[in-house]
Amino acid sequence: MAVALLGGRRFPALLLRPAAVRCRRGPAGAAMQQGAAPEAGAGWLGALRFDNLALRSLPVDASEAGGPRAVPGACFCRVRPSPLQNPRLVAMSLPALALLGLEEPASDREEAEAEAALYFSGNRLLAGSEPAAHCYCGHQFGSFAGQLGDGAAMYLGEVLGPRGERWEIQLKGAGLTPFSRQADGRKVLRSSIREFLCSEAMFHLGIPTTRAGTCVTSDSKVVRDIFYDGNPKNERCTVVLRIASTFIRFGSFEIFKPPDEYTGRKGPSVNRNDIRIQMLDYVISTFYPEIQEAYSDNSIQRNAAFFKEVTKRTARLVAEWQCVGFCHGVLNTDNMSIVGLTIDYGPFGFMDRYDPEHICNGSDNTGRYAYNKQPEICKWNLGKLAEALVPELPLEISELILEEEYDAEFEKHYLQKMRKKLGLIQLELEEDSKLVSELLETMHLTGGDFTNIFYLLSSFSVVDSDPSKLEDFLKEVTSQCASVDELKVALRPQMDPRQLSMMLMLAQSNPQLFALIGTKANINKELERIEQFSKLQQLTEDDLLSRNKRHWKEWLQKYRDRLQKEIESVSDADAWNTHRVKVMNSNNPKYILRNYIAQNAIEAAENGDFSEVRNVLKLLENPFQEAEDFREVKEDAEEEGATAAAAACAQENRSRLPYSSKPPLWASELCVT
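By the naming in an unreviewed UniProt entry, the protein goes by Selenoprotein O and is assigned to Melopsittacus undulatus. A UniProt comment under Sequence similarities (unreviewed entry) is attached to the protein, and it reads "Belongs to the SELO family." What UniProt records for the protein under Cofactor (unreviewed entry) is the sentence "Mg(2+)".

Structure, rendered in structure tokens:
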């Protein structure tokens, strides 16, 4: 039986086979015409009911000019998906597709999968769909980039769900649009699998997000240089069906921006305040109808209430990210949802070892979008949205709202969530914030696994003061902390000694030239790394374990004291404890989409085996529950050599540290004698 390696365990493959897609052959031109033509006779997908309100409410560019171009005076432009060779389904999320009114195929599942591959690759268009690309701008890494837009994504239309709710559906990776710039409008298998899995993982973690209905790959190829090292390779074109109430974002309102004082770039629709008013009317009446109803006779008050609600939703969203250790990686204004969803999954990552300065994006050399910077960056992005709403919402009003609401909402939601994660369900005390901070500091100092340690805390004995029980728990917790081998990887010097010596000499002899090729901060970090690596050579596992136990024993005593206050406030301690454990187990996931889990699924899919992706999807649909039929890989290693090799590979992947220009604090602290 095929197995998936997840969290060091095995999961039997789902009984789903890749479908053989049935499509007619013909000349290339005929295939393209066929792919562009709507077909009313779709079977399983024929139940989809389109009502494309956005295209009726907002200006659509009438030009049919091809190729990258500026799109002034419009929010959308018409496009056509580019057909793929032999599209086939990698996986589909039935819970996501149910939003559209699609139920699990009752009889011929293989036929339904073939149909999904054909239509959700863009090779055929569903009756009622109207492909379009959305125009938006954005501040990228703090600088205004001008027109961006849907360079690879295509709006297909809005589907009415079973209860009348409206869902925009998109194909991401369906080909060129006027916003593709120098790119080809395609996405590849590895990035598409990551987005597909993480979209669904976040939803099942309870975090607002866009959804992913299907992932479809093909025999069409594009060239990508994965590591930007001059070694490009052919990769399979792949398309993800994305689902959300809307994909309008902060950057959608930046198309009106006049020339930026720093970059000189401007939006394509400068001086078109009439379109800004149209967008506000559409967004508020469609996605914030209660605000529209309450302030229908005063547009300034209405727009202020709208901005306040976007501010609060954004604050709550980033608080949720922080509580599961999620790092988005590219928090530009064009990647911020106007309805408070996690949107555009690129170089994201869930932390393994807790490191507040964790950077998941290898291009983020300054750490602008590091884990601990996410709250302040989202606030900065809201400031740019406020600027984009002028004159329909005066800046003095929006800035006051931002200052009064954002930090307070973030801190309130963050602490509420952390109390649940710690099982503090009875009392809300001022000291709770300090307890959380000290927990994270202890994780940091010991290199603790963020997800696993939170999950373990529900098994901490509150009332049993038996020293042996505490010792057993300490053993479990410290097993989730960094090992000496991990420290050696974290602190390994990154510069050749001769290079470092040259840089030090240059810093002294020619500071101007040195400033062009390096910084004193980077040199100091490398010197610190060398010093710590040297100290590490004398550190034994026993020394490390003893130190980690001491740190955790100190914090656990504070945690027990706080839980004791909970017990003293209730009449039935057993009932309280049962409820505490239940709350903790529904707020601390056992499974997250770790990088190595995604990578295992990607590698299997690249070799033609999609069962691994489907296994991972099934697991992530129940992240808070111990999956059935799981066994530790090491238990089977003697029986299956291949499994042992896979386990070793998984361990190697997991031990890889997040990108950072300096060693994480836990690495530095742990090896200090």
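Moving on from the model shown.
Tallying secondary structure elements over the protein gives 24 helices and 18 strands in all. Counting across all 673 residues of the protein, residues that qualify as buried make up 54%. Within the protein, contacts between residues separated by at least 24 positions form 75% of all contacts whose residues are at least 6 apart in sequence. Per element, the accessible surface of the protein, about 29,200 Å² overall, is 50% carbon and sulfur.

Attention now goes to the packing of helix 5 (residues 189-204) against helix 21 (residues 611-620). Remark: helix 5 packs on helix 21, axes separated minimally by 9 Å, with the N-to-C direction vectors making an angle of 15°. As judged from the angle between their axes, helix 5 and helix 21 are roughly parallel. Between helix 5 and helix 21 the crossing geometry is right-handed. In this structure, helix 5 contributes I193, F196, L197, E200, A201 and H204 to the contact, and helix 21 contributes V613, V616, L617 and L620.

Here the focus is unusual backbone geometry. Residue V390 is joined to P391 through a cis peptide bond whose omega torsion reads 10°. Residue position: P391 is located in the loop between helix 9 (374-389) and helix 10 (395-422). Unusually for a residue other than glycine, R181 sits at a positive phi of about 50°. Relative accessible area serves as the criterion here: at 45%, R181 is assigned to the partly exposed category.

This part takes up the pairing of strand 14 (residues 211-224). Among the 14 residues in strand 14, eleven count as buried, and that is most of the element. For strand 6 (residues 88-92) and strand 14, the ladder comprises four bridges, and the chain directions are antiparallel. Counterpart to R88 in the pairing with strand 14 is T217. Pairing geometry for strand 14 and strand 15 (residues 233-244), over ten bridges, is antiparallel. Its bridge partner lying in strand 15, A212 is registered against R242.

With that out of the way, let us pick up the nonpolar core. It is characteristic of soluble globular proteins that their nonpolar side chains tend to be buried jointly. In terms of nonpolar packing, the biggest core is built from 166 residues, with F253, L422, L457, Y559 and L593 touching the most fellow members. Per-element accounting of this core gives the leading share, twelve residues, to helix 8 (residues 299-324). Judged by nonpolar contacts, the second largest core, of six residues, contains V484, L487, L536 and L544.

Next up on the list: the packing of aromatic side chains. The final tally for this structure, using the stated rule, is 17 aromatic pairs. Here a set of aromatic residues connected by ring pairs shows up, and it is made of W321, F326, Y345, F348 and F350. In this arrangement the basic side chain of K257 is found over the ring face of F144, its NZ or CZ atom lying 5.4 Å from the centre.

A contiguous nonpolar surface patch, about 210 Å² in accessible area, is contributed by L504, L527 and I530. By relative accessible area, L504 is classed as partly exposed at 35%.

Attention now goes to the environment of K233. In this structure, K233 sits in strand 15. K233 sits in the partly exposed class, given a relative accessible area of 39%. Each C-alpha atom of the pair K233 and K221 lies 9.5 Å from the other, and the pair is twelve residues apart in sequence. In contact with K233, not counting residues within four places along its chain, are V222, V223, R224 and I226.

Quick notes on the rules
- Residues numbered from 1 in each chain as written.
- Predicted model: local features only at pLDDT ≥ 70, side-chain atom pairs only at ≥ 80, totals over all residues.
- Heavy atoms only, no water.
- UniProt positions renumbered as here; feature names shortened; annotations may be inferred.
- Helix = DSSP H or I, 4+ residues; strand = E, 2+ residues; numbered from the N terminus.
- Buried < 20%, exposed > 50% of the residue type's maximum accessible area, 1.4 Å probe, protein only.
- Contact = heavy atoms within 4.5 Å.
- Areas by Shrake-Rupley, 256 points an atom, 1.4 Å probe, with all protein chains shown as cover.
- Axes fitted to C-alpha atoms, helices over the stretch in contact; angles between N-to-C directions.
- Parallel < 35°, antiparallel > 145°, perpendicular 65-115°, else oblique.
- Left-handed = near helix turned anticlockwise from the far one by under 90°.
- Pairing = 2+ DSSP bridges.
- Core = buried A, V, L, I, M, F, W, Y, C linked by side-chain atoms within 4.5 Å.
- Phe/Tyr/Trp six-rings, centres within 6.5 Å; stacked < 30°, edge-to-face > 60°.
- Lys NZ or Arg CZ within 6 Å of the ring centre and 35° of its normal.
- Patch = residues over 30% accessible without salt bridge, like charges linked within 9 Å, V, L, I, M, F, W, Y side chains within 5 Å.
- Salt bridge = Lys/Arg side-chain N within 4 Å of Asp/Glu carboxyl O.

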